[in-house]
Amino acid sequence: MSTYKHSLAPIVIHAFPHPISALSFDPVSDALWVGSGNGYVSAHHSIQGLRGVCFKAGDLPVLKVVADENSVKAASAGGDGVGSWVKGGMNKWFYNSDNSIMNFATSSTMTALSTSGSELLLINAMTGNLLRQTTIPSIATHLEFSHNILLSGSADGYLRAYDPRTGNLRNGGSESVVKAHYGGIQGLQTTGNFVFTVGMSLRQAHPFPDPLVKVYDLRNMRALPPISFAASPAFINVVPNRSATIAVTSNSGSISIVDASNFGGISNDFSQIENLTSFVTAVAISPTGAYLACGDADGMIHLKSQVEGDEVVPLNGFEGRPVEWANPPESLPELEWTDSTPLNTIGLPRYKTQLLSAWTPQFNSSKTVSFPLPQKIPVQVLNTMKMNDNVAYAPLPKELRGRRNMVALEKKKLGGRFRSGKSGTGDHELESPLLEYVGDDVPTIYRHVEIEYSKFGVEDFDFEFFNKTEFSGLETHILNSYTNPILQVLHYNLPIRRLAKSHITTDCLREHCLLCELGFVVRMLEDARGTNCQSSNFCKAVGVLAHSKLSNAIDLVDYGREPTELDYAHMIQSFQRFLFDRLVLEGNDLTANPIILKGSSYERNEQTTVPAPITQLVGIDTKNVVTCFHCKAARSKDNLTHVVDLIYPRTILPNDTVPYSDFPTILRNSILRNMTHKAACTNCGKNFSNFSSRREISTRDLPLTLAVNACVNSEDNFKYWLDHRNQTFLKPQIELHGEVDDMEDPEGAIYQLRAVIVQVATDEHAHLVAIVKVPEAEGNEDEGASPWYIFNDFVVRNVPEQEALSFPGRWKIPAILHFERVDRKNSLDFSQLPDAIDAAILCRDTSISLNRDPDLIKHELLNSAELPTLGTVVAVDAEFVSMQQAKTEYRSDGTKKVLRPARLSLARVSCLRGNGPKEGVPFIDDHIHTSEVIVDYLTEFSGIKFGDLDPMRSPHTLTPLKVVYKKLRLLVDRGCIFIGHGLSKDFRIINIFVPPEQVIDTVDLYFIKARQRRLSLRFLSWYLFREVIQTETHDSIEDAHFALKLFKKYNEFEGEGIFDQKLEEIYKEGRQYNYKPPPPPGSSPVDRQATPPIPIGIPSPLSSPPSSRYQNASSSLIGSPPSHRVCSNIDLIHQFSLISTIVFVSLTISWITSIVKMHVYSVHLQNLDFWHWEGYRSECFHVLQLIANSTTDLVPW
């Protein structure tokens, strides 16, 4: 083999001329890969060019083809991506870029792309995932890897060297940039320490081919003597097996072989392509240098060979892998076809592997699925499936019954269901499958749900539709309700639940205590058994404590911003750290903390201070050891944390390896946190000495509950969690080993996954969902039910365990994980914790008011003999104040929608004795102190005025909310029967759940369901007792007293058997009086307490009935002189004109205000029609007409 003197028969690629745009010899098989001008890449085998595999790389000419041992990478000119295909033609991955691809280069682990947007993209050569993206000074038209350097030839003529690990210029730019050509670089090759370029020069400001091949030393970018090539070099290729030898080719087919190490030498090794009818468009040299292939614009490949004689040498130079040819199709079976031949005898093909038509989603340019996906078998069926004689069968789960072989016509909106709109025949609406995964769509059960409000308020919302389990959900219409998932997780952590319930029995002196509020919430969820609850008191305490100067955690407060503006995963992780810090502080008894974990280090070492109970459950008490590499001096200090932040391995780079990728290893490394850093050593005095830092903790001291923050802060972190080949990154059970004296502890701790909090993110909304393993549901696996439940706020559904482990798409992002240590569950001892509220709290005066008026004390405390027992009747009523106004959207059609109701807070509660010698005497009449700003005292409905809830001003019995809550909690626990009117709403706002068997609500006693109207306490009191209550404001003692009388009256009517008759009479009378007490004799028909008297000198005619009006007016006018009559008439006319003007102006202002509100809240203001003004104008004239009519009896107009 001396020179490429031997010409072989050309290979014709296409019957119709398509230019050859790229060539690449296969390094391991007898094949030549050809890229054509129509965007196809094809394989041609042996020197005869037998056609093999063909696939499409793009719609435009193929820019470059690179073949390695196992794959072929290609990109099309002007295309937006580069892809990798197996040699059988199936696409492995395809990376789409926002800009057109200009060139690419590939190594064993990395592929570098240059785009038309002056960007350099570094992607993983095995997976096609983006590793790094940097901006470069100019568009790189050529890229090549050399050792650990990435070379680029740019359109501005500069040759640049980049560090592929960072994407930045090598050595910060020094000795990495050189001006090679003035008109742009057209070719780039590198071998050894040499870099070769060809390009364009400028002559009289016009580009022309540079006749020189520029040569540079790669080590310092120093220019070496160039190589002259008179025929205008167009292509350069490195000749294998020859040190620093290149082949220079022109567009006309001239080939020169040059040894670059012979500086200034002239090459005499020339050859010419024969029978070239067009021009050369691509050149490639085989791996052994035996063949040189040139493609031309007519679609032909010209082969030049160095092989002497008739020896047949494969294209790759050796006997490599055999060529895989397509198997011939099997002959179809013969069928005797008649009119009675069944169609099922024809059969259908069976596919055991993925078809070539199943492109990867990244390569599918339309971004839409062009074929119907097969219906997936539900996971519930797969989990219970059994095999018998190759037949699989499974029972149909209860939740799928009635929906078999049914298809939803459209996606059903998960919301807007009201009890008042229920049909009597029940609901048989078709629902979409709850856990059906189609592409990136979020399954129904994970979607965001909101409470909607009908004219009957939030109580009309049908929560039961969203939760048919015995485990309660939490409502969402309050600020900071993003904490709902972590409340559910802590509730179903039995040790933490037991600890929180114990804390509410103590005399906690903090006004805002998260541990107290957590205890109240878990107790409410424990008692509710499927009834929806709200955690408004807990959320309020979170807001107050986050704003405090000591905490300074205002980033934890949800100010009602749009959900798309918040990263709820980061917020809930920050809140978990904040919450555990608060629970430690609030649960720490400075005198003596009880030891609740037997066998712990605190019990073994009597000199050690026992930490807070929460720390005993979740605390990770490690020893941080810092060692100087220079002098080997080591120092240690104790380190206590309650939450583990996951630390992921570094991003995969060409020279990096990732030794740890499974979840237990990442978790262990995150606990131990082995790191290095630089600092000044105080022992050896060396500045900037290298230090190693590690944590040590024995396996025995690992906590009972392991709280983990997932910390998925980047795309690289999230890749660990994505499911791969039906395998999940997260496992239901893991084993962890501690570390002692820099050695792994041989003893292992078994942890079981108990809960996962994930962020469900879409383009429109982001929210948090908890998936919890419920302890009360464990042990029912034999019945086909899973102990795992999903808590999507007030949506609660049973799900398989796979839902907690699987992360199928980018819409589901892990945030928090909780593990429970299995081998230490039996080491808990709660015997030292209190478990009951002291009943003496009902006998103590708990007022904190400094100016209480003794004359306003209306209650009499219980004595020890009066403490309630099971069945004690208590009449109760509560009053509330508004802490936040309702958020309402006014629409252009005049309607309005409540987006968020007003937030109410308990302001007063009164409890009366329901039986005994002191029946009806209050024993609790507490006004509730609040430190929040009150927006509206609602005095007309609550009787609360400014200063009544201020300890410095209040003349009433003022008590902290937590103390009042404990009193009510104690009454519930002792089995009292509560009587009141409308108690369900009161208890719901108070955040306490009372079992239905302990509640007697008179609003339900005096109710006929068919009438769909509930009767007010004021009307019932007037009708049954002829007493008018709530004349000016509401009084909770008065309301509770009449509710008790209504209950006694109900028992009286039931004893006589006339209750149903009386109830019909009440409704009949109510229709006559519009369900309101009639005004007392001599009063105005319209009772407006807040309306001021008319400011005129004479008595108002409107203050008396019409008959007396006429009589008084006549007597006053008849007995007066004519002049006085005229004067009186004129005065009255002026007065009524003034009234008319005031009414008209008021209505006009009301109309303008509504218009402004619609402009603020509605996005459809342009639909406002003229009829709005017409309606208000007609209403004004109607009022004026009424005024005019009322004056005709008095004034002759």
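Just so it is clear, the model here is predicted, and its values are computed rather than measured.

A word on the overall build of the protein chain
When its secondary structure is counted, the protein chain shows 21 helices and 53 strands. Expressed as a percentage of the 1197 residues in the protein chain, the buried residues total 48%. For the protein chain, the share of sequence-separated contacts (at least 6 apart) that also reach a separation of at least 24 residues comes to 59%. When the accessible surface of the protein chain is summed, it comes to about 60900 Å², and 53% of that surface belongs to carbon and sulfur atoms.

Brief notes about the pairing of strand β47 (residues 887-890)
In the sheet, β47 pairs with strand β48 (residues 896-900) via four bridges, with the strands oriented antiparallel. Opposite E889, over in β48, you have K897 as the bridge partner.

Quick notes on helix α18 (residues 1059-1073)
Here α18 spans 21 Å end to end across 15 residues, near enough to the 21 Å set by a 1.5 Å rise per residue. When α18 is considered as a whole, its buried residues turn out to be F1059, L1063, I1066, Y1067 and G1070. The arc that holds the buried residues of α18, viewed along the axis, is 95°, so those residues lie on one side. Residues of α18 that are exposed and angled more than 90 degrees away from the buried face: K1068 and Q1072. Looking at the buried positions of α18, the neighbouring elements they touch are α15 (1002-1005), α16 (1017-1025) and α17 (1036-1056).

Notes on the confidence of the model for the protein chain
Mean pLDDT over the protein chain: 80, with 80% of residues reaching 70 or higher. Across the protein chain, element-level confidence peaks in strand β52 (residues 977-980) with a mean pLDDT of 95 and bottoms out in helix α19 (residues 1106-1118) with 35. Across residues 410-416 the pLDDT falls below 50, and counting only partners more than four positions away or on other chains, this stretch makes 14 contacts in the model. For the stretch residues 1186-1197, pLDDT sits under 50, and the model shows 18 contacts to residues farther than four places along the chain or on other chains.

Some words on helix α6 (residues 568-587)
Here α6 contains 20 residues, and its C-alpha end-to-end distance of 27 Å stays within 8% of the 28 Å for a straight helix at 1.5 Å per residue. Counting buried positions along α6 gives 16 out of 20 residues, so the element sits mostly inside the fold.

Describing the sheet that holds strand β5 (residues 40-45)
What the four strands build is an open sheet, ordered β3-β4-β5-β6; its pairing is antiparallel. Pairing within the sheet leaves two strands with one partner each, and these edge strands are β3 (20-25) and β6 (50-56). Here the average twist between neighbouring strands, direction ignored, is 20°.

Concerning the packing of aromatic side chains
Applying the stated criterion across every chain yields a total of 34 aromatic pairs. Residues Y446 and W811 carry aromatic rings whose centres are separated by 5.1 Å and whose planes lie at 65° to one another, so their mutual orientation is edge-to-face. Of the two residues, Y446 is situated in the loop between β33 (391-393) and α2 (484-491) and W811 in the loop between α11 (802-805) and β45 (812-821); the sequence distance between them amounts to 365 residues. Both residues of the pair, Y446 and W811, count as buried. Between F520 and Y965, the ring centres sit 4.1 Å apart and the planes meet at 40°, which makes this aromatic pair tilted. Here Y965 lies in helix α13 (residues 961-973) and F520 lies in helix α4 (residues 514-528), a separation of 445 residues in the sequence. Accessibility classification places F520 together with Y965 in one group, the buried group. An aromatic cluster of at least three residues, connected via ring pairs, comprises Y648, F663, Y720, W721, F729, F807 and F819. The residue whose ring lies beneath K64 is F104, and the NZ or CZ to ring-centre distance is 5.5 Å. Over the aromatic face of F1025 sits the side chain of K1045, whose NZ or CZ is 4.4 Å from the ring centroid.

Things to note about the side chain of S689
Here S689 is to be found in strand β38 (residues 689-696). Ignoring anything within four residues of it in the chain, the contact list for S689 reads C628, H630, H677, K678, A679 and C681.

Topic: the pattern of salt bridges
The full count for this structure, using the stated rule, is 42 salt bridges. The shortest N-O distance in the salt bridge between D973 and R523 comes to 2.7 Å. One end of the pair, D973, is in helix α13; the other, R523, is in helix α4, and 450 residues separate them in sequence. D973 sits in the partly exposed class, given a relative accessible area of 37%. Between E1065 and K1062 there is a salt bridge whose closest N-O contact spans 3.9 Å. One end of the pair is E1065 and the other is K1062, both in helix α18 and three residues apart, which spans about a single turn. Given a relative accessible area of 29%, E1065 falls into the partly exposed group. Among the charged side chains, a salt-bridge network with shared partners connects R668, R694, E696, E739 and D742.

Quick notes on empty space enclosed by the protein
Evaluation of the coordinates by the stated rule reveals nine cavities of 30 Å³ or more. Roughly 130 Å³ of internal volume is contained in the largest cavity. Considering the residues around the largest cavity, the lining is formed by 13 residues, among which E511, H512, E517, K540 and L961 are closest to the centre. Listed by contribution, the elements that provide at least two residues to the lining of the largest cavity are α5 (536-547) and α13.

Quick word on the pairing of strand β15 (residues 140-146)
In terms of residue burial, β15 counts as a mostly covered element, since seven of its seven residues are buried. Sheet topology note: the β15/strand β16 (residues 149-154) ladder contains six bridges and is antiparallel. Among the inter-strand pairings, L143 is bridged to a residue of β16, identified as S152. Turn length for the β15-β16 hairpin, with the two strands adjacent in sequence and antiparallel, is two residues, and the turn residue H147 shows positive phi of about 55°.

Focus: the packing of α4 against α5
Each pair of packed helices can be described by the angle between their axes along with the distance between the axes. Between α4 and α5, the shortest axis-to-axis distance is 9 Å and the interhelical angle comes to 165°. Here α4 lies roughly antiparallel to α5, going by the angle between them. The chirality of how α4 crosses α5 is left-handed. Residue-level inspection shows L514, E517, L518 and V521 of α4 in contact with α5, the latter providing N537, F538, A541, V542 and L545. For the contact of α4 with α5, a count of residues per class yields seven nonpolar, one polar and one charged.

Structural notes on the sheet that holds strand β34 (residues 620-628)
Spatially, the four strands line up as an open sheet ordered β35-β34-β38-β37, and their pairing is antiparallel. Strand pairing shows two members of the sheet lacking a second neighbour, β35 (634-641) and β37 (675-679), which therefore form its edges. Adjacent strand axes in the sheet meet at a mean angle of 30° when their direction is disregarded. Relative to β35, β34 runs antiparallel, the two being bridged by eight bridges. Residue T622 lies in a different strand from β35, and its bridge partner there is N639.

Cut-offs applied
Residues numbered from 1 in each chain as written. Predicted model: local features only at pLDDT ≥ 70, side-chain atom pairs only at ≥ 80, totals over all residues. Heavy atoms only, no water. Helix = DSSP H or I, 4+ residues; strand = E, 2+ residues; numbered from the N terminus. Buried < 20%, exposed > 50% of the residue type's maximum accessible area, 1.4 Å probe, protein only. Contact = heavy atoms within 4.5 Å. Areas by Shrake-Rupley, 256 points an atom, 1.4 Å probe, with all protein chains shown as cover. Pairing = 2+ DSSP bridges. Expected span 1.5 Å × (residues − 1). Arc of directions from axis to C-beta. pLDDT = per-residue confidence, 0-100. Axes fitted to C-alpha atoms, helices over the stretch in contact; angles between N-to-C directions. Phe/Tyr/Trp six-rings, centres within 6.5 Å; stacked < 30°, edge-to-face > 60°. Lys NZ or Arg CZ within 6 Å of the ring centre and 35° of its normal. Salt bridge = Lys/Arg side-chain N within 4 Å of Asp/Glu carboxyl O. 1 Å grid on protein atoms, 1.4 Å probe; cavity = no way out; pocket = protein on both sides within 12 Å on 5 of 7 lines; lining within 4 Å. Points joined across faces, edges and corners; volume = space filled by probe spheres on them. Parallel < 35°, antiparallel > 145°, perpendicular 65-115°, else oblique. Left-handed = near helix turned anticlockwise from the far one by under 90°. Nonpolar A, V, L, I, M, F, W, Y, C, P; charged D, E, K, R; others polar.

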